[in-house]
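Structure assessment
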Amino acid sequence: MKKLYRLFWWFLYTTGAVVVQQLIPGVDALMPGFLLALQENRPRQLMLLFVVFTLVQEGAGSLGFGTAMLSYAGAALLFRMSHGFFVEDNIVFISMLSACLGLYHCLLIRLMCAIQTIPVDYELLVKESLIQTLAIPLIWVPAHLARPKNAAATP
């Protein structure tokens, strides 16, 4: 029953995040959920969400395949490198991580545009990265409070 409840919660979160992404262009509303999945430390769940979130983002994006995969892999790497220094479910940690992810987003999009010879609107890219930096904690807090309480338990 707990698995079904978690599955339903993740379905609702993903649906809500996709709606937010349609309302606010350029925001990856799935990233805060991915950070929650990293905090929960459930490897199978994390891999499933990685695949689902990557497919959603790759299908919605205009860049060639690989940008979303690099984005989520980079987020996982940043999370794993820094979670030992901070309390994982603290808003300060999430805020610092979101600042790093905003910078990473800017660099990643710049790299992918250079590889694909797509002109970059730097003003728009910086604006999008700042919005992403602010959106992660704003989405993470209610999602963290609403997630199933047993979700953080080890498998």
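Just so you know, these numbers come straight off a predicted model, no measurement behind them.

Criteria and cut-off values
Residues numbered from 1 in each chain as written. Predicted model: local features only at pLDDT ≥ 70, side-chain atom pairs only at ≥ 80, totals over all residues. Heavy atoms only, no water. Helix = DSSP H or I, 4+ residues; strand = E, 2+ residues; numbered from the N terminus. Buried < 20%, exposed > 50% of the residue type's maximum accessible area, 1.4 Å probe, protein only. Contact = heavy atoms within 4.5 Å. Salt bridge = Lys/Arg side-chain N within 4 Å of Asp/Glu carboxyl O. pLDDT = per-residue confidence, 0-100. Phe/Tyr/Trp six-rings, centres within 6.5 Å; stacked < 30°, edge-to-face > 60°.

Things to note about the side chain of Gln39
Relative to the helices and strands, Gln39 is located in helix H2 (residues 31-40). Given the relative accessible area of 9%, Gln39 is considered buried. Ignoring sequence-local partners within four residues, the contact set of Gln39 consists of Phe79, Glu88, Asp89, Ile94, Trp140, His144 and Arg147.

Considering the pattern of salt bridges
Between side chains of opposite charge, a pair can form when the charged atoms approach closely. For the structure shown, the criterion picks out 1 salt bridge. A salt bridge links Glu40 to Arg147; the shortest N-O distance between them is 3.5 Å. Of this pair, Glu40 sits in helix H2 while Arg147 sits in the segment after helix H6 (122-146), and the two are 107 residues apart along the sequence. The pair Glu40 / Arg147 is uniform in exposure class, with both members buried.

Overview of the confidence of the model for the protein
Averaged over all residues, the pLDDT of the protein equals 86, while 92% of them reach at least 70. When pLDDT is averaged over each helix and strand of the protein, the minimum, 87, is found for helix H3 (residues 43-60) and the maximum, 92, for H2. Between residues 151-155, whose pLDDT stays under 50, and residues either more than four places distant or in other chains, the model counts 9 contacts.

Some points on the packing of aromatic side chains
Under the counting rule described, the total for this entry stands at 7 aromatic pairs. Ring plane angle 65° and centroid distance 5.6 Å describe the contact between Phe79 and Phe93, whose orientation is recorded as edge-to-face. Here Phe93 lies in helix H5 (residues 91-115) and Phe79 lies in helix H4 (residues 67-82), a separation of 14 residues in the sequence. Judged by relative accessible area, Phe79 falls into the buried class, the value being 0%. Among the aromatic side chains, those forming a connected cluster through ring pairs are Phe34, Phe50, Phe53 and Tyr72.

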